[in-house]
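So the chains spell out like this:
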Amino acid sequence: MSHLEEIKEKWRRFIAYLNEKKIIQAADKTYTFTWNLFLIIVVLFLLGGCLAAGAGAGFLASLVKNEPVRAYSTMKDDIYNYEETSTMYFDKDQLIGKLRADLDRQEVPLKEISPYVKDAVISTEDQYFYEHDGIVPKAILRATLQEVTGSDNRSGGSTLTQQLIKNQILTNEVSFDRKAKEILLALRLEHLFTKEQILEAYLNIVPFGRNSSGRNVAGIQAAAQGVFGVDADKLNLPQAAFLAGMPQNPFVYSPFTQQGAVKKDITYGTNRMKTVLNRMLTNGAITPEQYDKALKYNVRKHFVTKKESSYEKYPYLSIEVERRSADILARLAAKKDGKNFDKLKQNTKDEYRQNAFVQLRQKGLKIHTTINKKIYEEMEKTAKNKYLFGSTHLVRVKNAKGKWIYEKQPQEVGSILIENKTGSIISFVGGRDYNREQLNHATQALRQNGSTMKPLLAYAPAIEEGKVQPGYIIPDTPLTIGNYAPNNYDNRFHGLLSARTALAKSYNIPALRSFMRANRSDAFNRLEKMGFTTITDTDRSATSVAIGGLTHGVTVEENTNAFATFANQGKFVDAYLIEKIEDKHGKVLYKHKSKPVPVYSPQTSYLILDMMRDVLKPGGTAASIPGRLNFYADWAGKTGTTSSAKDSWFVATNPNVTLGVWHGYDKPEALPTGQQHISQTLWAAFANDAYKYAPSLMAPKHRFSMPSGIVRKEICGISGKLPSDLCRSAGLVTTDLFNVKYAPDSTDNSLDTGLYVIANGKKYKASESTPKEFTQKGVLIDDALFDGVDLKKVTGEENSDHLLPKTNLPENGKNPDTVSGLSSKGGKLSWSASGESDVVGYRVYYSATGNGPFKKIGSLTSDKTSLSAPSGVLYVTAVDVSGKESAPSEKIKSGKEKADPKKPDKPGTDDKKTEDPTAGKKPKNPPPQNDDKKKPKKPAN
């Protein structure tokens with residue numbers, strides 16, 4: 001028997017044994033039972049799964065039962081409704097920067113994002129992004145089990161789609177309810193939007209920590225600019241990997257501190273970058289060569305250096321743009337709601353403004369301004385030049401602990417440059433240091449405007465009504481208005497002045513008299529039409545407002561803007577800074593439109609301009625300005641200094657622009673002597689700054705155009721009326737401009753001829769008893785007009801010698817005192833002037849030997865106290881206005897005595913014939929004669 005047959009035999013015997021013992025039958029039954037049990041378990045499991053799935057589905061349905069089925073448009077608005085910082089621009093679309101916001105975000109389309117960024121984000125955050133339909137079930141199951149079991153290892157289960165839903169539609173609440181909604185909306189989003197749209201939205205909303213300015217940033221464009229200083233499409237592989245790793249924990253992986261400094265240890269960020277690169281390699285997004293090269297990249301070396309934000313670089317401008325933009329948006333919203341913003345209650349206005357600020361910080365608006373970048377930066381530079389300013393001032397203030405301390409207060413400045421025709425603000429200076437004082441001194445600070453108010457309120461209304469014209473005479477004499485007794489800055493009165501001269505010299509009294517001639521209510525109404533917003537009821541009843549004594553004051557912008565009215569032929573054009581506002585897609589939400597408001601006639605405006613031209617001419621209060629400028633223009637302006645010199649102003653306009661400057665201390669204090677005209681220095685410096693970059697704007701070749709209805713007429717300079725023959729003969733005729741409706745039509749009657757005397761250096765009308773030898777002929781003026789007048793200022797040096805008031809010199813009722821102080825030297829006799837007020841002259845008497853009779857040899861007016869004397873003996877007497885003569889003075893010898901009294905040595909002669917032993921004989925050296933045709937010396941006034 002073979003071996004094989006032997007094995008078969010053994011197996012047969014074994015089976016026979018099993019059958020004999022019934023083992024096989026038992027095994028068969030066991031198998032059948034086990035298989036059936038397995039089948040039952042499988043069926044039960046499937047049934048349980050179905051029941052669980054049904055229950056789960058029911059539970060899920062219950063969680064989202066109140067969630068509406070969102071339309072495409074609704075989801076689009078939600079997804080793309082992410083917070084984006086608004087952007088500001090200079091004129092000509094030159095970038096200023098971003099407005100202040102808690103978060104810096106800039107939207108960018110997917111095509112302008114580096115492919116490395118897309119690959120890095122997908123490899124790191126959602127490996128199956130292009131394969132799933134919004135969710136990955138196994139990832140959700142894994143995350144759910146981790147949540148239920150409380151596992152410390154949380155891998156997360158959100159796709160990019162789910163993260164987008166969570167950030168833009170749902171809250172960050174951790175709950176099954178929110179998660180269920182997230183799943184449902186993610187599926188819906190994938191159904192309505194393309195993968196590219198979803199990825200683009202995600203890359204624009206995801207946070208990236210801080211930028212080099214320490215600000216929070218979101219969106220890949222803001223991150224690329226804020227971390228590496230490049231646009232999103234210029235990011236290289238290692239830069240993209242570094243940024244793509246940050247969203248998992250933005251502030252841990254961010255390389256910058258809150259102050260904008262680079263962290264000493266950036267290991268967390270670089271390690272995360274390596275993780276991202278590794279996943280990109282694993283997913284086949286990059287090659288091993290790219291991976292190795294990226295690992296060697298020095299990220300720290302390529303971080304952008306700290307950048308000044310627009311708020312840091314242009315604080316005054318940024319805040320002003322934000323403030324004005326918010327006001328515009330608030331008004332637009334109120335108008336949309338059918339409400340008049342100006343008539344709303346303050347709390348409602350505040351609510352509209354608050355909503356407007358939210359728009360500015362979140363809606364990515366584009367705000368275009370009128371500001372010229374180069375001029376603005378140049379003027380800012382000038383304002384920081386400490387050598388243009390005067391000394392600091394110590395002020396007493398309370399510190400944080402409530403203790404009184406002394407603090408240095410530097411001199412401040414506010415300035416604004418406005419284009420007349422449009423009202424656009426070309427540039428402004430808000431102050432010297434925003435960090436020291438967060439107040440815009442050009443647009444917000446209220447200060448009294450001093451004499452710059454005179455053209456606006458004192459003269460323009462009176463000229464418009466025909467009560468004053470440039471050539472009209474307005475007395476500068478003492479004035480009392482109730483308890484108010486104003487004075488001029490030099491504490492003097494100047495008598496008869498034309499309105500033109502009074503404005504050029506900035507005298508207060510004529511300005512007040514001019515204001516009082518006009519209709520007060522109408523004058524203030526016109527002032528408000530020119531943009532003044534702070535006029536109170538107290539101001540309307542106070543005369544001092546005409547010279548700048550406002551209750552609250554006025555801003556530099558308002559004051560300067562008002563002056564531009566005259567350059568616009570009497571039409572006020574409100575100044576503006578915001579040209580237009582667009583949404584982030586370029587749709588125009590607001591566009592400025594200028595609306596001229598008629599205030600004054602073209603004739604009044606031109607006359608005011610012509611008067612203000614004289615302010616910058618020799619003799620005017622701003623005569624130094626033209627010499628400080630690097631160019632010529634037809635400027636008309638006005639200086640202003642408030643009481644105690646606490647504020648200094650200069651505002652001037654030319655046919656194109658108006659420039660205004662205020663200078664002083666924040667806490668009003670008197671400017672030191674010699675520093676009260678720094679405003680003019682600053683004004684000229686700012687004008688030169690603007691001319692440097694806009695010469696045609698600052699220096700127009702044309703002058704102000706004279707409108708029809710203006711005439712130039714001859715007038716008598718002493719009264720402003722048509723000249724009489726006497727006025728002409730006195731040389732007092734001058735010319736000036738008039739509104740033809742108010743040109744003078746009556747002849748001057750204020751002048752007359754007569755005799756006058758001189759006493760104590762002043763001229764008085766001679767009385768009937770006054771000896772004719774002491775009188776002179778001249779032109780007399782009405783006493784009321786002459787009171788306190790300095791005629792040189794009206795008529796010129798030469799003509800003023802022949803003008804005098806019709807005022808008699810009062811006498812003291814006694815004979816004059818004896819003349820003293822006689823002396824004789826070199827043939828000249830002199831004496832001391834009489835101290836009495838009514839002495840009008842002196843008589844000189846002569847005798848050859850002193851023994852014979854004394855004869856009068858000279859009569860001199862009181863302003864002369866010497867004459868050439870012949871040899872002999874002389875004495876002097878004083879004569880008063882009524883002819884009373886003093887006793888003879890002491891006798892004094894002059895020259896060498898002659899023995900023969902009938903032949904005196906060089907006798908003198910009188911202007912009248914006298915008995916003289918030398919009569920009929922011509923002396924060799926006759927004494928000087930006092931001819932009343934000879935012009936006397938000019939007295940001191």
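One can find the structure itself at the top, above this paragraph.
Now for a look at the structure at hand. (Residues numbered from 1 in each chain as written. Predicted model: local features only at pLDDT ≥ 70, side-chain atom pairs only at ≥ 80, totals over all residues. Heavy atoms only, no water.)

## Re the pairing of strand S14 (residues 578-582)
Moving on, step 1. Across four bridges, strand S6 (residues 366-369) lies against S14 in antiparallel orientation. Bridge pairing in S14 places Lys366 opposite Glu582.
Moving on, step 2. Where S14 meets strand S15 (residues 588-591), three bridges bridge the pair, whose relative direction is antiparallel. Counterpart to Ile581 in the pairing with S15 is Tyr590.
Moving on, step 3. Taking the residues that link successive antiparallel strands as the turn, the S14-S15 hairpin has five residues, and the phi of Gly586 there is positive, at about 95°. (Pairing = 2+ DSSP bridges. Helix = DSSP H or I, 4+ residues; strand = E, 2+ residues; numbered from the N terminus.)

## Let's talk about the pattern of salt bridges
Charged atoms that come close allow side chains of opposite charge to pair.
Moving on, step 1. Applying the stated criterion across every chain yields a total of 38 salt bridges.
Moving on, step 2. For Lys467, the salt bridge goes to Glu465, with nearest N and O atoms at 3.6 Å.
Moving on, step 3. The closest approach of N and O atoms between Glu836 and Lys814, which form a salt bridge, is 2.9 Å. Within this pair, whereas Glu836 is found in the loop between strand S27 (828-830) and strand S28 (839-847), its partner Lys814 is found in the loop between strand S25 (803-805) and strand S26 (823-825), the two being separated by 22 residues in sequence.
Moving on, step 4. Residue classification places Glu836 among the buried residues on the basis of a relative accessible area of 9%.
Moving on, step 5. Through salt bridges with shared partners, a single ionic network connects Arg500, Asp610, Arg613, Asp614, Lys617, Asp634, Arg703 and Asp736. (Salt bridge = Lys/Arg side-chain N within 4 Å of Asp/Glu carboxyl O. Buried < 20%, exposed > 50% of the residue type's maximum accessible area, 1.4 Å probe, protein only.)

## Looking at the side chain of Gln409
Moving on, step 1. The topology assignment puts Gln409 in strand S8 (residues 404-409).
Moving on, step 2. You can call Gln409 buried: its relative accessible area is 4%.
Moving on, step 3. Of note is the side chain of Gln409, whose polar atom sits 3.1 Å from the backbone nitrogen of Asp666.
Moving on, step 4. Excluding anything up to four places from it in sequence, Gln409 contacts Thr392, His393, Val395, Tyr665, Asp666, Lys667 and Glu669. (Polar contact = N/O pair within 3.5 Å; in protein donor to acceptor, adjacent residues only side chain to side chain. Contact = heavy atoms within 4.5 Å.)

## What to know about the nonpolar core
Moving on, step 1. Ranked by size, the top nonpolar core spans 85 residues in total, and within it Leu317, Phe428, Leu456, Tyr459, Leu527 and Phe532 carry the most contacts.
Moving on, step 2. Of the residues forming this core, the biggest block, nine residues, is contributed by helix H15 (residues 315-336).
Moving on, step 3. Setting aside chain neighbours within four positions, we find Leu527 in contact with Met453, Leu456, Leu457, Phe532 and Ile535.
Moving on, step 4. Counting 60 residues, the second largest nonpolar core, distinct from the first, contains Val108, Leu170, Ala240 and Leu243. (Core = buried A, V, L, I, M, F, W, Y, C linked by side-chain atoms within 4.5 Å.)

## Things to note about the pairing of strand S18 (residues 647-653)
Moving on, step 1. In terms of burial, S18 is largely enclosed, as seven of its seven residues are buried.
Moving on, step 2. Neither face of S18 is exposed, since Asp647, Trp649, Val651 and Thr653 on one face and Ser648, Phe650 and Ala652 on the opposite face are all buried.
Moving on, step 3. As paired strands, strand S17 (residues 636-641) and S18 are joined by six bridges and run antiparallel to one another. Counterpart to Thr641 in the pairing with S18 is Ser648.
Moving on, step 4. Examined bridge by bridge, S18 and strand S19 (residues 657-664) share seven bridges and lie antiparallel to one another. Across the sheet, residue Asp647 finds its bridge partner in S19, namely Gly664.
Moving on, step 5. Here S18 hands over to S19 after three residues, the two strands then running antiparallel side by side.

## Focus on the state of the cysteines
Moving on, step 1. If you walk through the whole model with that rule in mind, you get one disulfide.
Moving on, step 2. Bridging Cys716 to Cys727, the disulfide has an S-S length of 2.3 Å. For the disulfide bridge between Cys716 and Cys727, the dihedral angle about the S-S bond is near 105°, and by the sign convention the bridge is right-handed. On the criterion of sequence distance, the pair formed by Cys716 in strand S20 (residues 710-716) and Cys727 in helix H28 (residues 725-729) is long-range, its members being 11 residues apart. (Disulfide = S-S within 2.5 Å.)

## A look at the packing of aromatic side chains
Moving on, step 1. This structure, assessed with the given rule, holds 21 aromatic pairs.
Moving on, step 2. Residues Tyr376 and Phe428 carry aromatic rings whose centres are separated by 5.4 Å and whose planes lie at 70° to one another, so their mutual orientation is edge-to-face. Of this pair, Tyr376 sits in helix H17 (residues 373-383) while Phe428 sits in strand S10 (residues 425-429); the two residues are 52 residues apart in sequence, bridging distant segments of the chain. Just as Tyr376 is buried, Phe428 falls in that class too.
Moving on, step 3. Taken together, a centroid distance of 5.7 Å and an interplanar angle of 65° make the contact between Trp831 and Tyr842 edge-to-face. You can see Trp831 sitting in the loop between S27 and S28 and its partner Tyr842 sitting in strand S28, a full 11 residues away along the chain. Comparing Trp831 with Tyr842 shows no difference in burial state: the two are buried.
Moving on, step 4. Put simply, the rings of Phe631, Trp635, Phe650, Trp683 and Tyr691 touch in pairs and so form one group of aromatic residues.
Moving on, step 5. A cation sits over an aromatic face here: Arg432 above Phe389, 3.8 Å from the ring centre. (Phe/Tyr/Trp six-rings, centres within 6.5 Å; stacked < 30°, edge-to-face > 60°. Lys NZ or Arg CZ within 6 Å of the ring centre and 35° of its normal.)

## Topic: unusual backbone geometry
Moving on, step 1. The phi torsion at Ser644 lies on the positive side, around 60°, for a residue other than glycine.
Moving on, step 2. Within the fold, Ser644 resides in the loop between S17 and S18.
Moving on, step 3. Phi at Ala645 is positive, roughly 55°, even though this residue is not glycine.
Moving on, step 4. Turning to its location among the elements, Ala645 is positioned in the loop between S17 and S18.
Moving on, step 5. We classify Ala645 as buried; its relative accessible area is 8%.

## Focus on the sheet that holds strand S4 (residues 207-210)
The strands that make up a sheet are held in pairs by hydrogen bonds between backbone atoms, and each pair lies either parallel or antiparallel.
Moving on, step 1. Reading across the sheet, the three strands line up as S3-S5-S4 and stay open at both edges, with mixed pairing between neighbours. Of all strands in the sheet, those with a lone pairing partner are strand S3 (103-105) and S4, marking the two edges. Within the sheet, the average angular offset between the axes of one strand and its neighbour, ignoring direction, is 25°.
Moving on, step 2. Both S3 and strand S5 (residues 216-218) contribute to a ladder of three bridges, which runs parallel. From the neighbouring strand, Arg105 faces S5, where its bridge partner is Ala218.
Moving on, step 3. Those strands touched by helix H9 (residues 220-228) are S3, S4 and S5, and its axis lies near 135° from that of S5. (Axes fitted to C-alpha atoms, helices over the stretch in contact; angles between N-to-C directions.)

## What to know about the packing of helix H4 (residues 115-125) against helix H12 (residues 267-282)
Moving on, step 1. In contact at an axis separation of 8 Å, H4 and H12 are set at 90° when each is read in the N-to-C sense. Comparing their axes, H12 and H4 come out roughly perpendicular. Between H4, through Tyr116, Asp119, Ala120, Ser123, Thr124 and Glu125, and H12, the contact on the second element is made entirely by Arg272, Val276, Arg279 and Met280.
Moving on, step 2. A class-by-class count of the residues in the contact of H4 with H12 yields four nonpolar, two polar and four charged. (Parallel < 35°, antiparallel > 145°, perpendicular 65-115°, else oblique. Nonpolar A, V, L, I, M, F, W, Y, C, P; charged D, E, K, R; others polar.)

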